Amino acid sequence: MIDVAIIGAGSAGLVAARHLISAGLRPVLFEAAKTIGGAWTPSSSSAVLQTPSPGNKQNDDDQPASKMWSGMRTNLSKYTCQFTDFPWPEGSSTFPTVEEMHDYLQSYSDTFLQDDPSSCEFLMQCRVTNVEQLQSCNTAASAALGPDDEEANYKVEWLDIDTQTTHCRDFGGVVIASGFFHTPCMPSFLSDYTNSNNDESSGKTTPQIIHSSQYRTHNHFKDKNIAVVGGSFSSLEIAADVSKSAARVVSIVPSIPWVIPRWIYKFHPLLSPESVGSTKTITILPSDLALYQRTQPFQGEVTELTPEMCQERHQHVQSLVGRKQRSSPLGEPTNWNEPTIVAISDEYVDLVNEEKIKAIQGRLVGIDDDGRLQLDTNCDTSDALSDIDYVICATGYKPNLHNFLSSEILSTIDYDHEDKFSPLTLAYNTLHPSLPNLAFCGLYKGPYMGVMDLQAQLAAKLMSGSMSIEDEAYKSALKTSETMRKSKPRQQFPHFYPDLMDTLVQVLNQDDSSDCDGKFGIVVPPLYQKDERLREQCRLDLEREIKRGQDGSRMPKLVLSSILGNWSYDRKIVHLQSGKHEHVSGTVKYSKYWTRVCEEDDEAASPGVDNPVLYREDGVYEFSPTQKFDVFREYEYEVKDDALEIYFVEGGKRAHMFLSLKFVPTVEEEGGQWVKATSDHLCIKDLYSATFRVKLNGLSASEIIIKYRVKGPAKDYESTTILTPVAAVS
């Protein structure tokens with residue numbers, strides 16, 4: 001049996017090993033860490049901060065396997081973060097934590113990769129130091145490893161970290177699965193900066209510098225002033241996470257991204273048995289299921305974006321987000337001729353709106369002797385960036401291929417270590433015709449495990465000789481890769497995920513044009529394989545997810561998130577018996593991040609994801625043309641199961657429940673996308689019949705109408721309150 005070396009035992013290495021075994025080859029996995037999992041290795045529970053030195057002084061090889069902080073969740077759902085033939089267990093979190101991702105990979109390994117020397121071998125704590133192509137390697141692109149072929153094609157050298165001994169061995173093939181997220185990138189001016197610049201005698205204190213890969217928990221930064229640098233998912237999520245403990249958080253973003261939460265809504269045909277025809281309704285889904293959908297047959301990968309294409313994408317994302325980001329101090333991207341940049345974060349924009357995070361567009365370019373951060377920006381922010389205790393650089397990663405691939409291989413793939421976008425030229429992001437029986441798996445940004453899976457299948461088929469690729473196809477694929485690398489301006493990702501999936505499956509299936517669209521046009525890995533039983537199970541899972549998105553149970557969170565912020569209101573009260581009219585007007589603020597002032601022995605509410613939203617109303621009550629007086633009232637809004645519950649606040653403390661609202665997900669076409677809830681409340685002898693209507697503009701509400709019909713022995717009136725949003729002042 002032919003041995004194939006796999007460099008890395010993270011998600012890409014594991015799936016490569018699984019498909020090599022199926023192809024009749026024997027994988028040998030090299031992993032520098034003690035455990036499998038790669039970037040999804042959970043951080044030590046006792047570690048609060050990883051402390052290697054910053055900048056270029058770090059040894060590229062001396063990187064901790066784990067790049068995630070404790071409790072971090074994926075920004076893509078479990079439907080995308082899975083292999084084609086290994087579904088998540090029933091009841092798994094929709095957005096898995098780092099720990100759950102590692103458990104999934106461990107379970108995958110236990111199922112398919114028994115450490116049996118006859119079929120698979122793991123060499124843990126073994127760091128590969130050299131991979132080179134042997135002269136005997138057949139340079140024909142169609143070369144394959146037959147079952148009795150003993151010809152060696154590549155030499156692999158490695159260091160046993162435990163014993164500090166070096167070893168060398170020849171292999172029939174090699175799969176590079178060391179990942180894209182290996183070596184942290186830091187701003188260049190930090191190459192000579194150290195974390196020991198505190199001069200106690202002069203009283204000068206300069207900030208500590210860490211990379212986001214070293215961040216472990218917000219508890220380490222209690223009452224500290226933090227600057228987070230970067231505009232990606234990790235920078236926004238770390239800024240949101242560290243705000244739980246920090247005294248002040250400044251988010252420095254080089255360019256404004258579109259920020260969308262993990263759950264968004266789209267209009268989708270109603271799937272309930274009562275639905276008629278193609279009636280569409282609000283359907284709340286994980287953002288990846290809502291975004292990665294086919295609207296037309298695959299026409300090939302898009303290698304360059306025109307300004308018109310960029311504008312169309314910006315307009316689409318803006319329609320999803322609504323007004324919330326535009327009216328926040330963060331603002332929206334302004335140059336729609338450039339490609340969109342999208343970051344996933346549930347909390348970031350709300351925290352910016354409520355001034356828990358200060359967002360600044362600019363670049364960190366230096367640190368003064370007194371510790372002040374120098375920014376390249378058009379606005380004066382020097383005062384805002386003094387007294388910073390920590391700078392967390394969420395400034396990306398680079399692969400480490402130059403540390404172990406021979407110069408000949410690096411030259412063949414046109415490797416550029418400094419290119420964080422697309423550092424090498426490959427056909428299908430996987431192969432090079434001049435390097436037969438060598439494949440790259442998982443060198444792609446993001447946890448797109450379907451891409452890794454299809455790359456692994458392609459590598460296994462080629463190495464086993466069960467398929468080949470024509471020279472012209474190779475040339476065309478390499479040309480696509482070269483064009484993407486040279487494209488200006490560059491997209492956020494070199495390949496659009498669904499397009500790369502379709503490209504890979506076309507190469508794998510060749511003349512077999514199997515349908516990967518699935519029932520709903522949603523792109524998920526299990527639909528990209530031929531086991532009809534697993535495909536049908538995936539369709540059923542998606543159908544259940546869509547039905548849950550339509551049954552109203554997710555509406556309270558969507559509505560509550562959409563109404564956060566500042567509003568002006570106008571209330572008219574009509575007494576039906578006397579015909580008397582009263583009027584109240586003023587402002588309302590829905591606050592998510594607030595702390596209730598408690599007396600001794602009372603449990604304080606800590607601001608965060610599950611904190612109740614505080615409704616604060618301040619206004620002027622016009623009892624008559626000559627009688628006016630100031631009024632205020634407070635309520636607490638809280639999601640409980642499938643209802644939005646509203647509680648009275650009396651004396652600064654929550655009292656009894658007022659209303660329990662269940663929103664109807666269908667849309668009323670009255671000049672917008674309206675959702676509605678009704679509820680009754682009996683207050684002693686008075687019955688309050690309430691109707692709440694919220695007009696949605698993407699993920700933001702653009703109008704709220706609250707009506708009460710009050711009946712009782714001494715009361716008979718109607719109250720109508722109309723709320724309109726107030727834009728934040730930057």
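Shown above is the structure to which this text applies.
These notes cover the structure that comes with them.

Glancing now at the overall build of the protein chain. When helices and strands are tallied, the protein chain shows 12 helices and 31 strands. Here the contacts in the protein chain between residues at least 6 apart in sequence split such that 64% fall between residues at least 24 apart. Summed over all atoms, the accessible surface of the protein chain reaches about 32,100 Å², with 47% contributed by carbon and sulfur.

The sheet built from five strands is open, its strands ordered 9-19-10-11-16 with parallel pairing. At either end of the open sheet lies a strand with only one pairing partner, and these are strand 9 (208–211) and strand 16 (358–361). Strand after strand, the sheet turns through a mean of 20° between neighbouring axes, direction not considered. Relative to strand 16, strand 11 (residues 248–253) is paired through four bridges, and the arrangement is parallel. When the sheet's bridge partners are listed, Val250 is paired in strand 16 with Lys358. In this fold helix 3 (residues 233–242) packs onto strand 10 (225–229), strand 11 and strand 19 (390–393), with an angle of close to 165° to the strand it touches most, strand 10.

Applying the stated criterion across every chain yields a total of 40 salt bridges. One salt bridge connects Glu617 with Arg633, and the closest N-O pair in it is separated by 3.8 Å. One end of the pair, Glu617, is in strand 24 (residues 613–624); the other, Arg633, is in strand 25 (residues 627–640), and 16 residues separate them in sequence. Close ionic contact of Lys715 with Asp686 constitutes a salt bridge, the shortest N to O distance being 3.4 Å. Remark: Asp686 occurs in strand 29 (residues 686–697) and Lys715 occurs in the loop between strand 30 (700–711) and strand 31 (716–725); sequence separation between them is 29 residues. Several salt bridges share partner residues, and in doing so they unite Asp3, Arg26, Glu121 and Arg169 into one network.

With that out of the way, let us pick up helix 5 (residues 307–321). Taking 1.5 Å per residue as the helical rise, helix 5 with its 15 residues ought to reach 21 Å, and the 21 Å between its terminal C-alpha atoms agrees with that figure. Within helix 5, the full set of buried residues consists of Cys310, His314, Val317, Leu320 and Val321. Here the buried residues of helix 5 occupy an arc of 120° about the axis, which is enough to place them on one side. Helix 5 presents Glu308, Glu312 and Gln315 as exposed residues on the side facing more than 90 degrees away from its buried surface.

On inspection of all chains with the given rule, the structure shows 35 aromatic pairs. Note on Tyr590 and Tyr637: the rings are 5.3 Å apart at their centroids and 90° apart in plane angle, and the pair reads as edge-to-face. Here the residue Tyr590 occupies a position in strand 23 (residues 581–591), and Tyr637 occupies one in strand 25, the gap between them amounting to 47 residues. The exposure classification of Tyr590 matches that of Tyr637, with both residues buried. Feature note: the residues Tyr590, Tyr615, Tyr635, Tyr637, Phe648, Phe658, Tyr688, Phe692 and Tyr708 constitute an aromatic cluster, connected by ring pairs. A cation over an aromatic ring shows up here: Arg18 above the ring of Phe112, its NZ or CZ 4.1 Å from the ring centre. Directly above the aromatic system of Tyr647 lies the positively charged group of Arg654, at a separation of 4.0 Å from the ring centroid.

A separate point is the packing of helix 1 (residues 11–22) against helix 2 (residues 98–112). Contact pair helix 1 / helix 2: the axes reach a minimum separation of 10 Å and the direction vectors enclose 15°. Judged by the angle between their axes, helix 1 and helix 2 are roughly parallel. Relative to helix 2, the crossing made by helix 1 is left-handed. For the pair helix 1 and helix 2, the contacting residues are Ser11, Leu14, Val15, Arg18 and Ile21 in the first and Leu105, Tyr108, Ser109 and Phe112 in the second. Considering only residue class, the contact of helix 1 with helix 2 consists of six nonpolar, two polar and one charged.

Moving on to helix 11 (residues 532–550). With 19 residues, helix 11 should reach 27 Å at 1.5 Å per residue; the first-to-last C-alpha distance of 27 Å fits that figure. Considered for burial, the residues of helix 11 that qualify are Leu534, Arg535, Cys538, Arg539, Leu542, Glu543, Glu545, Ile546, Gly549 and Gln550. Sitting at the head of helix 11, Asp531 places a side-chain oxygen 2.9 Å from the backbone nitrogen of Arg533. Where helix 11 ends, the next residue or the one after it, Gly552, has phi of about 95°, a positive value.

A separate point is the pairing of strand 24. Where strand 23 meets strand 24, nine bridges bridge the pair, whose relative direction is antiparallel. Directly across from Ser591, in strand 24, lies its bridge partner Leu614. The sheet contact formed by strand 24 and strand 25 spans 11 bridges and is antiparallel. Bridge pairing in strand 25 places Asp618 opposite Phe632. The hairpin turn running from strand 24 into strand 25, its antiparallel successor, is two residues long.

Tyr348, Tyr428, Leu458 and Ile469 are the most contacted members of the largest nonpolar core, which totals 96 residues. Counting residues per element, this core draws most heavily on helix 8 (residues 449–464), at 10 residues. Counting 45 residues, the second largest nonpolar core, distinct from the first, contains Trp567, Ala677, Tyr688 and Tyr717.

Taken in spatial order, the three strands line up as 4-5-6 in an open sheet, and their pairing is antiparallel. Two strands close off the open sheet at either side, each with one partner strand: strand 4 (126–133) and strand 6 (165–171). With strand direction ignored, the average angle separating the axes of adjacent strands in the sheet is 20°. When strand 5 (residues 154–160) meets strand 6, the two strands line up antiparallel, connected through seven bridges. When the sheet's bridge partners are listed, Trp158 is paired in strand 6 with His167.

Our next topic: the environment of Leu696. For Leu696, the location among the structural elements is in strand 29. With 23 residues separating them in the primary sequence, Leu696 and Gln673 have C-alpha atoms 5.3 Å apart. Setting aside its immediate chain neighbours within four residues, Leu696 contacts Tyr265, Ile282, Leu558, Ser562, Gln673, Val675 and Ala701.

Let's shift gears to the environment of Asn337. Counting through the fold element by element, Asn337 comes out in the loop between helix 5 and strand 15 (342–344). Look at Asn337 and you get partly exposed, because its relative accessible area is 40%. Excluding residues that lie within four positions of it along the chain, Asn337 makes contacts with Pro307, Cys310 and Gln311. For Asn337, the side chain forms a polar contact with the side chain of Gln311, separated by 2.5 Å.

Glancing now at empty space enclosed by the protein. Think of a ball as big as a water molecule: rolled over the atoms, this probe shows where empty space is left. This model, assessed by the stated rule, comprises five cavities of 30 Å³ or more. Every residue lining the second largest cavity is listed: Arg571, Tyr615, Glu617, Arg633, Tyr635, Tyr637, Ile646, Phe692, Ile706, Tyr708 and Thr721. Those elements that provide at least two residues to the lining of the second largest cavity are strand 24, strand 25 and strand 30. Looking at the lining of the second largest cavity, the element that brings in the most residues is strand 25, giving three residues.

Calculation notes
Residues numbered from 1 in each chain as written. Predicted model: local features only at pLDDT ≥ 70, side-chain atom pairs only at ≥ 80, totals over all residues. Heavy atoms only, no water. Helix = DSSP H or I, 4+ residues; strand = E, 2+ residues; numbered from the N terminus. Contact = heavy atoms within 4.5 Å. Areas by Shrake-Rupley, 256 points an atom, 1.4 Å probe, with all protein chains shown as cover. Pairing = 2+ DSSP bridges. Axes fitted to C-alpha atoms, helices over the stretch in contact; angles between N-to-C directions. Salt bridge = Lys/Arg side-chain N within 4 Å of Asp/Glu carboxyl O. Expected span 1.5 Å × (residues − 1). Buried < 20%, exposed > 50% of the residue type's maximum accessible area, 1.4 Å probe, protein only. Arc of directions from axis to C-beta. Phe/Tyr/Trp six-rings, centres within 6.5 Å; stacked < 30°, edge-to-face > 60°. Lys NZ or Arg CZ within 6 Å of the ring centre and 35° of its normal. Parallel < 35°, antiparallel > 145°, perpendicular 65-115°, else oblique. Left-handed = near helix turned anticlockwise from the far one by under 90°. Nonpolar A, V, L, I, M, F, W, Y, C, P; charged D, E, K, R; others polar. Polar contact = N/O pair within 3.5 Å; in protein donor to acceptor, adjacent residues only side chain to side chain. Core = buried A, V, L, I, M, F, W, Y, C linked by side-chain atoms within 4.5 Å. 1 Å grid on protein atoms, 1.4 Å probe; cavity = no way out; pocket = protein on both sides within 12 Å on 5 of 7 lines; lining within 4 Å. Points joined across faces, edges and corners; volume = space filled by probe spheres on them.

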